Amino acid sequence: MNAPEFGATGIGAARYIGQRVLRKEDPRLLTGRGQFVDDIALPGMLHVAFARSPIARGRILSIDTTAARELEGVHAVFLHADLSKQKIELLSFFLMPIEVPVTLLADGRVAYVGDPIALIIADSRHIAEDAAALVEVEYAEEDPVVTIADARTGAPVHPTTEHNISQEMGDEEIDEDLDAALNGAAHQITHHVTHQRISQSPMETRGVVASRDGPEELTLYITCQSPTNIARWMSMALGLPQTAIRVIAKDVGGSFGLKNTPWKEETATVVAALLYGRPLKWIEDRYENLTAANQAREAEMTLRIGFDKDGKLLASHSDYSSNNGAYPQGADANVAVQMFLWGAYKIPAFGFLTRGWYSNTIGLAAYRGPWAMESLARETALDTAARQMGIDPIELRRRNLLTLKEQPAASVMGLPLEDITPAECLEKLLAYFDVAAFRREQAEARKAGRYLGLGIAAYIEPTGSAGSMPVMTGELAQLRIEPTGQVTALMSTHSQGHGTATTMAQVIADRLGVAYEDVTVFEGDSSRGGFSPGAAGSRQGVIGGGAAIKASDLLASKVKELAAHLLNASPETITITDGMIHVSGAPEMSRSLRSIAEIAYGEPARLPEGFEAGLEAQYRYTPPPMTFTSAAHACTVEVDVDTGFVKILRWISSEDCGTVINPAVVEGQIAGGLAQAIGTVLLEDFHYDARGNPTTVTYKDYLLPQISDIPTFEFVHANTPSQSVGGMRGVGEGGAIIGPPTLVNAITDALAPFGEVPVNLPLTPAKLLSVIEGRDIAGTGAGTAASHAPAPVEVAVAEAPVAAVAAPVPAASTSVDGDWQITMVPPMGPPQEMTAHFATDGTALSGYLESPEGRQEFTGSYDGGKVKFELKVEKPMKITLKYDLTVDGDVISGKVKLGMLGSAKLTGTRIV
Amino acid sequence: MSEHQISVTVNGRPLHGQVESRVSLGDFLRIDGGYTGVHLGCEHGVCGACTVIVDGKAVRSCLMLAVQADGSDVTTAEGLAEPDGTLHPVQQTMREEHALQCGFCTPGVVMTLAALTAGDARPTEEALIGALSGHICRCTGYQGIRRAAKRLAADAGARAGEVA
């Protein structure tokens, strides 16, 4: 391992950082003594189940709960009106209001199959489910919007929106110069990628136990990614600042992005517990998890790339759309896909259009590497391009990846890059894996009618994010050496399997100079440990590790100061090793840490002047805003051309995750991500029929990878320390990002003799047979031109203002001079109202825009009804706003380009 | 719904209960017995997290009714380690091989391996992997579980002997 020198601090050598120590969590988990949310039972606790919509979209005509209420053992049946007695506003992961109204239970409409309508409280879950089945609902069913294609043309999912675009960024029309660069390139490809919908599928489903402990206290046991983040979210969502909210989640059975924030059912249970005054438990069953828990990934991208004659990247354009479902946890257009698409590559020109779409399906949530589509699209496109250009795919990457020597540099999207190493990871991978030998084996196999393939991919990943978004904070380590000499750490980190009680203890033991066995890490309780967004964005090793180092160093200094005072030595001569305090050159003066600790707590008279009694220290570490992890992976497969089955032969990970605290934990994170990647490419496919009915509602239909589907992974550690304290880089998500293109590339390489394999995940045997046999076996149009037919381009409703622009300009166009009331619809946030004043002098234009934020003056041009002007703004970032409007009588309309944020539509009327 | 008086032995101790016929063994062990190491991951027999040993055989406790277990001898993950806390060889091997992360599927994996390697039984690695294909682990990518199975298998050679 590549543990860096931490400087001569007088602490024993790095004995635990970098070691494959046994995990502290494992004895309780192996013996069935873990504490998951369903393991909690409180006195007087009742159970919750939900009656849910069986249709994807419609109005509720009537709800009859009589039979449900009359069932013995039922305490209450709550509808939307009942829960509305408690103020509640669901918030996104970023603690922002949701863009469309979201109620906990249906408010007159249902928007997806599984939408909760009634909450039943009963003596047991069995009875609650019996009662749920007795709730009678009459609907006026409507045609649902299910797919992205439906969303483009279908009626708006939400009565409050004009169209189904939940967010849009980038340029609706490709920039003319970029288009020219692409069309003029020596080699051009247009690459389509379709990603299916994924269920995060943590083995522990969602669940909560909520207990109102009097009017001023609320205790929640909830399976989550950070108890302190849930406490913050609940306090804000419920508007209960005076209520002490304690959130406990000792053990969490996986999350993978699903449990970032509570959603309808968890929050409804909490509200019901507040209203009903008894502790309530709701544990999602697997059917609910597959039909009502938020999901991820469903997206499509068209990626255009232009290369010069040598295969060097010239220009690229990406058009991305994601199916956000009805109630996404933040209706975003996933601009991170665009941000990181070319992050590791040298490319001079890039543009994009990125959109999220509402549909009558389950809402979008995070899933390990939420922007992973960028690596899938780019790396599979590069292999396709390499085949078309006759360049080796490895060589194509060597010509275009940004190397360490070329840094510092900025990506085409402006990412500052100082120490990314995908090119170096690739070289280390190739030093380990003999490509030439594989190509010989592949050639021999093909002669025998066997189809082997090699896939290689490279990427970078932002990890350890802090400070750039309000919710992404640093991490807090609070340490104390107890009077017993044992070390207790309260960490703001939280494990859903990450093993932070182990890795943080390793760091602390290492830096303090005590035995690993003598360090206990407590987390999983908002009453202990400071605020943290938890396990989100591969951040805990980087930031929590840094906090543990800094707090340990503070505490070690304190020990040394006290020991020096007691032993009549100078602090520089004191070292701490294995829980013993030594004075250099005086072995007879060694003392146990315990003996010093007893004095620190119990004998204040013996402490140095001004010394705070006890041995305690804390530090909140905020790292650089972003720490990049890099990797290159290779995998080899054999595709059975009779059955279409894929067998993975080898898989090698060459990754740079900086300082490794525990190789077993790091490899476990990568392997877990790769297994999910293999599921994504070959097996998993959450599917709806045309009426929006989910058809993969058990694990017999939604196929998760089994042990027999996953090969033994080989690891090449190509680590270089990062610039964060301790040198760690995040590693939680990478396998799930780099895994899919690696495997897809291996399959397409194997089947290259049959033609290109459309990247339409999952690559089921039927889809591969369609390519192998040159006919549509899968029924998806795979391998045929039809599968790449462009979807309808424009949104019907979006055309209304454009139509106004396109309408024939009256011959005698009225003057623009005067005042106008204007509405701008930006890509994010609510419409903005402003007034405009225009004055013309010939074709010269001057004027100002005025809104509550202030007045901004401009000059521009006016010609034949066309109004053009520019404004420079500083917030939210430095951009130039380019207005392009058309006047028609007393109506003005058009758009404003907002730099890389895309464009906004404007409409307005003359103020008479 | 008919109710039945049943008695089972769980980890060597008696457990009596009055249960509806529809109650699964898994729910009975968790709710009536407090054996919360029995984890219900899917309740339709795919994930394997709820596996317990009933009369010597690994059983999915979500697919067996409590009334079917009347009179049976049941072992759960809580009952495998020695009273002094010494881990069962399967548990120890899984710990050493980092065969778990979140630990939710773990009790089921432990029980299947314990059932198949009980006493002198030493299945082949292939047989153990075959059995483990009935367990879903979403965290580990099965790397440590596979290593543990290799060590516990008949064909592991001297290393398996050390562990057992």
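Within any chain, residue numbers begin from 1 and follow the written order of that chain's sequence. For naming, the first written chain is A and the first written ligand is 1, with later ones following in the order written. At least 70 in pLDDT is required for a residue's local features to be given in this predicted model, at least 80 for side-chain atom pairs to be given and counted, and no such filter applies to totals for whole chains, interfaces and linings, which use all residues.

1. Let's talk about the overall build of chain B
Next up, step 1: A count of helices and strands for chain B gives six helices and five strands.
Next up, step 2: Each helix and strand of chain B, placed in order from N terminus to C terminus, yields the pattern β-β-α-β-β-β-α-α-α-α-α.
Next up, step 3: Over its C-alpha atoms chain B spans a radius of gyration of 16 Å, differing by no more than 12% from the 15 Å that the globule rule assigns to 164 residues.
Next up, step 4: Put simply, a residue is buried when 20 or more other C-beta atoms lie within 10 Å of its own C-beta and exposed when 12 or fewer do; between those, it is partly exposed, and each C-beta is set from the backbone. Going through the 164 residues of chain B one by one, you find that 57% of them count as buried.
Next up, step 5: Contact between two residues is assigned when their C-beta atoms, built from the backbone, lie within 7 Å. Pairs at least 24 residues apart make up 58% of the contacts formed inside chain B by residues separated by at least 6 positions. Each helix is a run of H or I in the DSSP string that is no shorter than four residues. Each strand is a run of E no shorter than two, and both are numbered from the N terminus. For a compact globule the rule gives 2.2 Å times the number of residues to the power 0.38, and the radius of gyration it is set against comes from C-alpha atoms.

2. Comments concerning the overall build of chain A
Next up, step 1: Helix and strand content of chain A: 21 helices and 37 strands.
Next up, step 2: For 912 residues, the compact-globule estimate of 2.2 N^0.38 gives 29 Å, and chain A sits close to it at 30 Å.
Next up, step 3: The principal-axis extents of the C-alpha atoms in chain A amount to approximately 100 × 75 × 70 Å.
Next up, step 4: Burial statistics for chain A: of 912 residues in total, 54% are counted as buried.

3. Some words on the sheet that holds strand β4 (residues 109–110) of chain A
All names here are of chain A.
Next up, step 1: Pairing between two strands requires that DSSP report at least two bridges joining them. The strand order β4-β2-β6 describes an open sheet built from three strands, whose pairing is antiparallel. The open sheet is flanked by β4 and β6 (136–141), the only strands paired with a single partner.
Next up, step 2: Where strand β2 (residues 58–64) lies against β6, six bridges are found, and the strand directions are antiparallel. Across the sheet, Ile-60 pairs through a bridge with Tyr-139, a residue of β6.

4. Observations concerning the domain arrangement of chain A
Bring the parts together and some accessible area is lost; that lost area is often taken as the interface size.
Residues and elements named next belong to chain A.
Next up, step 1: Parsing chain A into structural domains produces domain 1 (26–33 + 471–621), domain 2 (37–145 + 199–291), domain 3 (388–464 + 626–788) and domain 4 (799–910).
Next up, step 2: Domains are outlined according to an automatic or database domain assignment. Relative to domain 3, the C-alpha centre of domain 2 lies at a distance of 38 Å.
Next up, step 3: Across the contact, eleven residues belong to domain 2 and eleven residues belong to domain 3.
Next up, step 4: Residue classes follow a fixed rule: Ala, Val, Leu, Ile, Met, Phe, Trp, Tyr, Cys and Pro count as nonpolar, while Asp, Glu, Lys and Arg count as charged, and any other residue, Gly among them, counts as polar. Here the side of domain 2 that touches domain 3 is built from residues that sort into six nonpolar, three polar and two charged.

5. Side note on the nonpolar core
Next up, step 1: One nonpolar core equals one set of buried Ala, Val, Leu, Ile, Met, Phe, Trp, Tyr and Cys residues connected by C-beta atoms within 7 Å. Core analysis: the largest hydrophobic core is formed by 295 residues, its most contacted members being Ala118(A), Ile120(A), Leu220(A), Ala272(A), Ile508(A), Ile747(A) and Val110(B).
Next up, step 2: Residues within four places of Val110(B) in sequence aside, it is in contact with Leu30(A), Ala77(B), Leu80(B), Val90(B), Gln91(B) and Met94(B).

6. Re the domain arrangement of chain B
All names here are of chain B.
Next up, step 1: The assigned domain composition of chain B is domain 1 (3–77) and domain 2 (89–163).
Next up, step 2: Each of domain 1 and domain 2 has a C-alpha centre, and these two points are 22 Å apart.
Next up, step 3: Between domain 1 and domain 2, the residue contacts involve 16 residues of the former and 13 residues of the latter.
Next up, step 4: Secondary structure elements with two or more residues in the side of domain 1 that touches domain 2: β3 (51–54) and β4 (57–60).
Next up, step 5: Considering each element in turn, the side of domain 1 that touches domain 2 owes the most residues, three residues, to β3.

7. Concerning the environment of Lys264(A)
Residues and elements named next belong to chain A.
Next up, step 1: Mapped onto the fold, Lys-264 is located in helix α8 (residues 264–276).
Next up, step 2: Considered as a pair, Lys-264 and Asn-294 are 30 residues apart in the sequence and their alpha carbons are 10.0 Å apart.
Next up, step 3: Discounting residues that sit within four places of it in the chain, Lys-264 has contacts with Leu-104 and Pro-116.

8. Section: the pairing of strand β1 (residues 3–10) of chain B
Residue and element names in this part refer to chain B.
Next up, step 1: In this structure, β1 lies alongside strand β2 (residues 13–20), joined through eight bridges in antiparallel fashion. Looking at β2, one finds that Ile-6 is bridged to Gly-17.
Next up, step 2: Taking the residues that link successive antiparallel strands as the turn, the β1-β2 hairpin has two residues, and the phi of Asn-11 there is positive, at about 50°.

9. Some points on the interface of chain A and chain B
Next up, step 1: With 42 residues of chain A at the contact, the number on the chain B side is 40 residues.
Next up, step 2: Sorting elements by how many residues they give to the side of chain A that touches chain B places helix α18 (residues 663–683) of chain A first, with six residues.
Next up, step 3: Here the side of chain A that touches chain B is composed, by residue class, of 17 nonpolar, 15 polar and ten charged.

10. What about the sheet that holds β2(B)?
Residues and elements named next belong to chain B.
Next up, step 1: Ordered in space as β2-β1-β5-β3-β4, the five strands form an open sheet in which the pairing is mixed. Two strands in the sheet have a free side with no partner beyond their single neighbour: β2 and β4. Here the average twist between neighbouring strands, direction ignored, is 40°.
Next up, step 2: Axes, fitted as lines to C-alpha atoms, cover a helix only where it is in contact. Angles between the N-to-C directions of the axes lie from 0 to 180 degrees. In the packing of helix α1 (residues 25–32) onto the sheet, contacts are made with β1, β2 and β3, and the angle to β2 comes to roughly 115°.
Next up, step 3: Docked against the sheet, helix α3 (residues 106–116) engages β3 and β4, running at close to 35° with respect to β3.

11. Concerning the confidence of the model for chain A
Residues and elements named next belong to chain A.
Next up, step 1: Looking at any residue, its pLDDT shows the predictor's confidence there, from 0 to 100. On average, residues of chain A carry a pLDDT of 92, and 93% of them reach 70 or more.
Next up, step 2: Note that pLDDT drops below 50 for residues 1–13; the model gives that stretch 24 contacts with residues more than four away or on any other chain.
Next up, step 3: In this model residues 782–812 is a low-confidence stretch, pLDDT under 50, and it forms 47 contacts with partners more than four residues away in sequence or in other chains.

12. Section: helix α16 (residues 540–567) of chain A
In an α-helix there are 3.6 residues to a turn, and that puts residues three or four apart on one side.
Next up, step 1: In a regular helix each residue adds 1.5 Å, so 28 residues correspond to 40 Å; α16(A) covers 38 Å between its end C-alpha atoms and thus fits that length.
Next up, step 2: Taken from the residues just after α16(A), Asn568(A) is the one with a positive phi, measuring 60°. The length a helix should cover is 1.5 Å for every residue beyond the first.

13. Here we look at unusual backbone geometry
All names here are of chain A.
Next up, step 1: Omega for the bond connecting Gln-407 with Pro-408 falls within 30 degrees of zero, at 5°, which places this linkage in the cis form.
Next up, step 2: Tracing the backbone shows Pro-408 in the loop between α12 (393–400) and β16 (409–410).
Next up, step 3: The residue Phe-256 is not glycine, and still its phi comes out positive at about 65°.
Next up, step 4: One can find Phe-256 in the loop between β11 (244–248) and α8.
Next up, step 5: Phe-256 sits in the buried class, given 29 other C-beta atoms within 10 Å.

14. Considerations on the packing of α18(A) against helix α19 (residues 734–750) of chain A
Residue and element names in this part refer to chain A.
Next up, step 1: Running from N to C, α18 and α19 point in directions that differ by 45°, and their axes come no closer than 7 Å. Overall, the two elements α18 and α19 adopt an arrangement that is oblique. Crossing hand, α18 versus α19: right-handed. Two secondary-structure elements touch here, α18 through Gln-669, Ile-670, Ala-671, Gly-672, Gly-673, Leu-674, Gln-676, Ala-677, Ile-678, Thr-680 and Val-681 and α19 through Gly-734, Gly-735, Ala-736, Gly-739, Pro-740, Leu-743 and Val-744.
Next up, step 2: Looking at the contact of α18 with α19 residue by residue, the classes come out as ten nonpolar, eight polar and no charged. For classification purposes, angles smaller than 35 degrees are called roughly parallel, those larger than 145 roughly antiparallel, those between 65 and 115 roughly perpendicular, and all remaining angles oblique. Crossings are sorted by hand: turned counterclockwise from the far helix by less than a right angle, the near helix makes the crossing left-handed, and turned clockwise it makes it right-handed.

15. Notes on the confidence of the model for chain B
Next up, step 1: Taken as a whole, chain B shows an average pLDDT of 94; of its residues, 94% reach a score of 70 or greater.
Next up, step 2: Here the complex is predicted with pTM 0.89, and the ipTM for its interfaces comes to 0.96.

16. Observations concerning the packing of α16(A) against helix α17 (residues 593–602) of chain A
All names here are of chain A.
Next up, step 1: It is the contact of α16 with α17, at a shortest axis distance of 11 Å, that shows an interaxial angle of 90°. It follows that α16 is roughly perpendicular to α17 by the angle criterion. Residue-level contacts link Val-559, Leu-562, Ala-563 and Leu-566 of α16 to Ile-596, Ile-599 and Ala-600 of α17.
Next up, step 2: Grouping the amino acids of the contact of α16 with α17 by side-chain chemistry returns seven nonpolar, no polar and no charged.

17. Focus on the environment of Ile576(A)
Next up, step 1: With respect to the helices and strands, the residue Ile576(A) is situated in strand β22 (residues 574–577).
Next up, step 2: Judged by local crowding, Ile576(A) falls into the buried class, with 24 C-beta atoms found within 10 Å.

18. Some remarks on the environment of Gly485(A)
Residue and element names in this part refer to chain A.
Next up, step 1: As for its position among the elements, Gly-485 is in the loop between β19 (475–481) and β20 (487–491).
Next up, step 2: Taking the C-alpha atoms as reference, Gly-485 lies 17 Å from Gln-506; in sequence the two are 21 residues apart.
Next up, step 3: Excluding residues that lie within four positions of it along the chain, Gly-485 makes contacts with Gly-579, Ser-592, Leu-593, Arg-594 and Ala-597.

19. Examining helix α4 (residues 125–132) of chain B
Next up, step 1: Every buried residue of α4(B) is listed here: Leu128(B), Ala131(B) and Leu132(B). Each buried residue of α4(B) lies within a common arc of 100° when the element is viewed along its axis, so the set occupies one face. Regarding the arc, it is the one traced by the directions from the helix axis to the C-beta atoms.

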